Amino acid sequence: MRHRNGHALLLGLPGKEHVTYHASHLGIGIFALFIAFTLGLSFYFARQSTSAKGYFAAHGQIHWFVNGIAFAGDYLSAASFLGICGMIAFYGYDGFLYSIGYLAGWVVALFVIAEPVKRLGRYTFGDVLDHRFQSRGIKLAAALSTLVVSLFYLIPQMVGAGALIKPLFGLPHWSGVILVGSVVITIVVTGGMVSTTWVQFLKGGLLVVFSTILTLLILQRGLRVNVPDALRDPSVKMFASSAVPVGHVASLPEGQTATGPLGPLAYLRTLSRSVIVQWSRDYDSETPAYSQRRTAGSDVLRPGNSPTFKGVRNKRTQDKLNFLSLMLALFAGTASLPHILIRYYTVKDQAAARKSTAVGIAAIGFFYVLTLFLGLGAMTSGALDVSNSNMAAPLLARSFSEWLFAMISAIAFTTVLGTVSGLILAASGTVAHDLLKSVFKMELTEQAEVRAGRLTAVGVGAIAVVLGILFEKMNVTFLVGWAFSIAASANLPALTMLLFWKGTTKQGITASVFVGMLSSLAWILLSGDTYRDVYSLDPARSIVPFSQPGIVTIPLAFVVLIAVSLCTRPKASATAEI
Amino acid sequence: MSSSRRGLYYFLVYLIFYTTFVLISAYQPALLEHEIGGVTLALHGGIFLIVCAIGMAMLYCWACREKNT
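Conventions used here
Residues numbered from 1 in each chain as written. Chains lettered and ligands numbered in written order. Predicted model: local features only at pLDDT ≥ 70, side-chain atom pairs only at ≥ 80, totals over all residues. Helix = DSSP H or I, 4+ residues; strand = E, 2+ residues; numbered from the N terminus. Buried ≥ 20, exposed ≤ 12 C-beta atoms within 10 Å, placed from the backbone. Contact = placed C-beta atoms within 7 Å. Rg over C-alpha atoms; globule rule 2.2 N^0.38 Å. Axes fitted to C-alpha atoms, helices over the stretch in contact; angles between N-to-C directions. Parallel < 35°, antiparallel > 145°, perpendicular 65-115°, else oblique. Left-handed = near helix turned anticlockwise from the far one by under 90°. Nonpolar A, V, L, I, M, F, W, Y, C, P; charged D, E, K, R; others polar. Expected span 1.5 Å × (residues − 1). Arc of directions from axis to C-beta. Core = buried A, V, L, I, M, F, W, Y, C linked by C-beta atoms within 7 Å. Pairing = 2+ DSSP bridges. pLDDT = per-residue confidence, 0-100. Bend = angle between axes of the 7 residues up to and from the residue.

## Notes on the overall build of chain A
Thinking step 1. Along its length, chain A carries 22 helices and five strands.
Thinking step 2. Taken along its principal axes, the extent of the C-alpha atoms in chain A is 85 × 55 × 40 Å.
Thinking step 3. Across the 578 residues of chain A, 59% fall into the buried class.
Thinking step 4. In chain A, the proportion of contacts linking residues at least 24 apart, taken out of those at least 6 apart, comes to 80%.

## What about the overall build of chain B?
Thinking step 1. Counting secondary structure elements, chain B contains two helices and two strands.
Thinking step 2. Here chain B has a C-alpha radius of gyration of 15 Å; the compact-globule value for 69 residues is 11 Å, and the former is much larger.
Thinking step 3. With respect to the principal axes defined by its C-alpha atoms, chain B has extents near 45 × 25 × 10 Å.
Thinking step 4. The buried share of chain B, taken over its 69 residues, is 29%.

## Regarding the packing of helix α7 (residues 136-169) of chain A against helix α15 (residues 402-439) of chain A
Residues and elements named next belong to chain A.
Thinking step 1. One way to put it is that α7 packs onto α15 with a least axis distance of 9 Å and a crossing angle of 160°. Considered as vectors, α7 and α15 are oriented roughly antiparallel to each other. Relative to α15, the crossing made by α7 is left-handed.
Thinking step 2. Looking at the contact of α7 with α15 residue by residue, the classes come out as 18 nonpolar, eight polar and three charged.

## A look at helix α1 (residues 25-45) of chain A
Residue and element names in this part refer to chain A.
Thinking step 1. For α1, built from 21 residues, the straight-helix expectation of 30 Å at 1.5 Å per residue is met to within 8% by its first-to-last C-alpha distance of 30 Å.
Thinking step 2. Along α1, the residues classified as buried are G27, I30, F31, F34, I35, T38, L41, S42 and F45. Summarising the axial view, the buried residues of α1 lie within an arc of 140°, below the 170-degree limit, and thus occupy one face. Every exposed residue of α1 that faces more than 90 degrees away from the buried side is listed here: H25, G29, A32, L33, A36 and G40.

## Quick look at the nonpolar core
Thinking step 1. If you look at the biggest cluster of nonpolar residues, it comprises 219 residues, and the most contacted ones within it are A378 of chain A together with A53 of chain B.
Thinking step 2. Among the elements that make up this core, the one with the highest residue count is α15 of chain A (21 residues).
Thinking step 3. Those residues in contact with A378 of chain A that lie beyond four places of it in its chain are C85, A89, G247, A383, L384, A392, A393, L395 and L396 of chain A.

## Focus on the interface of chain A and chain B
Thinking step 1. Tallying the contact residues gives 37 residues for chain A and 33 residues for chain B.
Thinking step 2. For the side of chain A that touches chain B, the elements supplying multiple residues, two or more each, are α5 (93-120), α9 (264-272), α11 (317-333) and α13 (350-379) of chain A.
Thinking step 3. The element best represented in the side of chain A that touches chain B is α5 of chain A, accounting for twelve residues.
Thinking step 4. When the residues that make up the side of chain A that touches chain B are grouped by side-chain class, the tally is 26 nonpolar, four polar and seven charged.

## Concerning the pairing of strand β5 (residues 289-296) of chain A
Residue and element names in this part refer to chain A.
Thinking step 1. One ladder, built from three bridges, connects strand β2 (residues 237-239) with β5; its direction is antiparallel. Of the residues in β5, the one forming a bridge with F239 is A289.
Thinking step 2. Examined bridge by bridge, strand β4 (residues 275-282) and β5 share eight bridges and lie antiparallel to one another. Bridged to V275 within β5 is A296.

## Looking at the pairing of β4 of chain A
Thinking step 1. Of the pairings in the sheet, the one linking strand β3 (residues 248-251) of chain A to β4 of chain A comprises three bridges and is antiparallel in character. Its bridge partner being in β4 of chain A, S251 of chain A is matched across the sheet by V275 of chain A.

## A look at the packing of α11 of chain A against helix α1 (residues 3-27) of chain B
Thinking step 1. One way to put it is that α11 of chain A packs onto α1 of chain B with a least axis distance of 10 Å and a crossing angle of 155°. The angle between α11 of chain A and α1 of chain B places the two elements in the roughly antiparallel class. Along this stretch, α11 of chain A crosses α1 of chain B, giving a crossing that reads as right-handed. Where α11 of chain A approaches α1 of chain B, its residues K320, F323, L324, M327 and F331 of chain A are matched on the opposing element by Y18, V22, A26 and Y27 of chain B.
Thinking step 2. Residues that form the contact of α11 of chain A with α1 of chain B fall into these classes: eight nonpolar, no polar and one charged.

## Structural notes on the environment of T259 of chain A
Residue and element names in this part refer to chain A.
Thinking step 1. Looking at where T259 falls in the secondary structure, it is placed in the loop between β3 and α9.
Thinking step 2. Given 19 C-beta atoms within 10 Å, T259 falls into the partly exposed group.
Thinking step 3. The sequence separation of T259 and G222 amounts to 37 residues, and the corresponding C-alpha distance is 5.7 Å.
Thinking step 4. Ignoring any residue separated from it by four or fewer positions in sequence, one finds T259 in contact with G222, L223, R224, L252 and T270.

## Quick look at unusual backbone geometry
All names here are of chain A.
Thinking step 1. You will see that A58, though not glycine, has its phi angle at about 50°, which is positive.
Thinking step 2. Tracing the sequence through the fold places A58 in the loop between α2 (52-57) and α3 (64-75).
Thinking step 3. Given 27 C-beta atoms within a 10 Å radius, A58 is considered buried.
Thinking step 4. Of note, the phi angle at H59 is positive, near 60°, even though the residue is not glycine.

## Describing the confidence of the model for chain A
Thinking step 1. Residues of chain A with pLDDT of at least 70 account for 93%, and the chain-wide mean is 87.
Thinking step 2. Confidence drops under a pLDDT of 50 for residues 1-17 of chain A, and excluding neighbours within four residues, the segment shows 25 contacts in the predicted structure.

## Notes on α15 of chain A
All names here are of chain A.
Thinking step 1. With 38 residues, α15 ought to run about 56 Å at 1.5 Å a step, and its terminal C-alpha atoms sit 53 Å apart, in line with that.
Thinking step 2. Along its length, α15 shows its largest kink, about 25°, at V431.
Thinking step 3. Looking at the residues trailing α15, positive phi occurs at K441, about 55°.

## Focus on the confidence of the model for chain B
Thinking step 1. Residues with a pLDDT of 70 or more make up 94% of chain B, whose mean pLDDT is 91.
Thinking step 2. We note a pTM of 0.91 for the whole complex and an ipTM of 0.95 for its interfaces.

So, in structure tokens, the structure goes:
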């Protein structure tokens, strides 16, 4: 069939299966086993979570190695696993830029933040900021920042759970959200930080092990020319409703048709000299359609192919600043995420905090190198769903075996469990410990504080479930980026200045957190990306010149802290009296 | 040397690597298209930053361990 503008239209390939998803009974079985195991762990650890120290900080008795892998389990969200693999599979190197930025953030955590946070805090991020001042303002600012960041991070995780359950297990969106919400609430309410830690340890370990297995299989299979006959005509287009699996190699170096097993470097070298068939959305078409293009492998392995990073290849100053701003937010955001910071309270001392961060960096860094091969493997495996980049990793696994598909699908779901439980615990701690005890000055016994934490976990979990269902149709992946930008702008300036400048005052910290949080939030709401993706308005009408706020709002929070601290520093006589 | 001072030095070293890479990506992207050993500099740079973070983390722990003992 041929379109009026001359393009061949592909409405379905005879003898070829469309990208169909059916319930994987094996996957459901494996995931049910995971859930049963994690719930069993939670009930087992419930008796260790009766005190505040037990519930919010696992008594500070988690082994540093376990905590390190739990860091990986906490941090490697669905965005990291499915999102980055999908972005590399669709756009090549650009997805890897996220891997680089996300990991670089851990350097800040290890070299600057880890040991002081362990030394100065007890249960929450607010404890660290407030350790010198006992200020209600600081606790309020830290609590609000924690809640905003946690909520922005939670929503995409819940929506992601719903989006995953349909193709993977054949169940409706709402059931995935409710399933994840119920399991996570049970984990957090029963076992608190102890069970959350072990769930994250299990998830982090499984993710790294199975990503390694998948990468070894990719290298073992090597590369081969695999374009189906029906797609050989480059003018062939495809509708989403009738999409067939894509992601092919059009040609290999020296006229080879298959390479056989390759080492990691040889794999990248061969891909660089091959020609890849990539697909992109055709926005001229009224119905969602996709057109193909033949791309040199070397072009795939350089930055600037995706809409997010296209700015690096043009001369516009705003695009350059947008890129720099995003890379700054990734670098500064990790060490400011509340659910990451509270993991430092679960180990016994500063040395353990340091060692566990190093283990986390090793596990996360290794995983991010693997994402490169997973993404490129999906790009060339002939198993991509052109309309859903998030399915790249599971479909890559299915190109090897149904068993591996089931395992990767179950792990993808467990990925959501681990991250969501950390986020709910961070929110729960900040409400019970910072807001109720410190801001509202409620007299709470240890048991009452734990009870308040549990009730908050149920409340935050329920809100996350409702928002996860309400936002089903909305593309909410950008919320993770928002969370990073807000965390970097609101939390990092206050944290670093408190640690390294003696002139910091409580007013300076409070003002910095509020200004960082509100300015980054306002910038994001007025940005071109939000105009296009949320308001469905012309991005050219946006007020701010580029979408990523970090390069403006992080320095702004530093300046506000310094200025307010200088204006509110105690007079010399008052200092002498003290 | 205290671990916090050592941490700051390590942080500054990594910050230089990261900033250099990001600035080259933004203002000299063509440089990253050059190939060394059949692989683009963009990939070499990215993998270097990840491996470097892991290596520096291990080195830092080892150096601080000596002080602790």
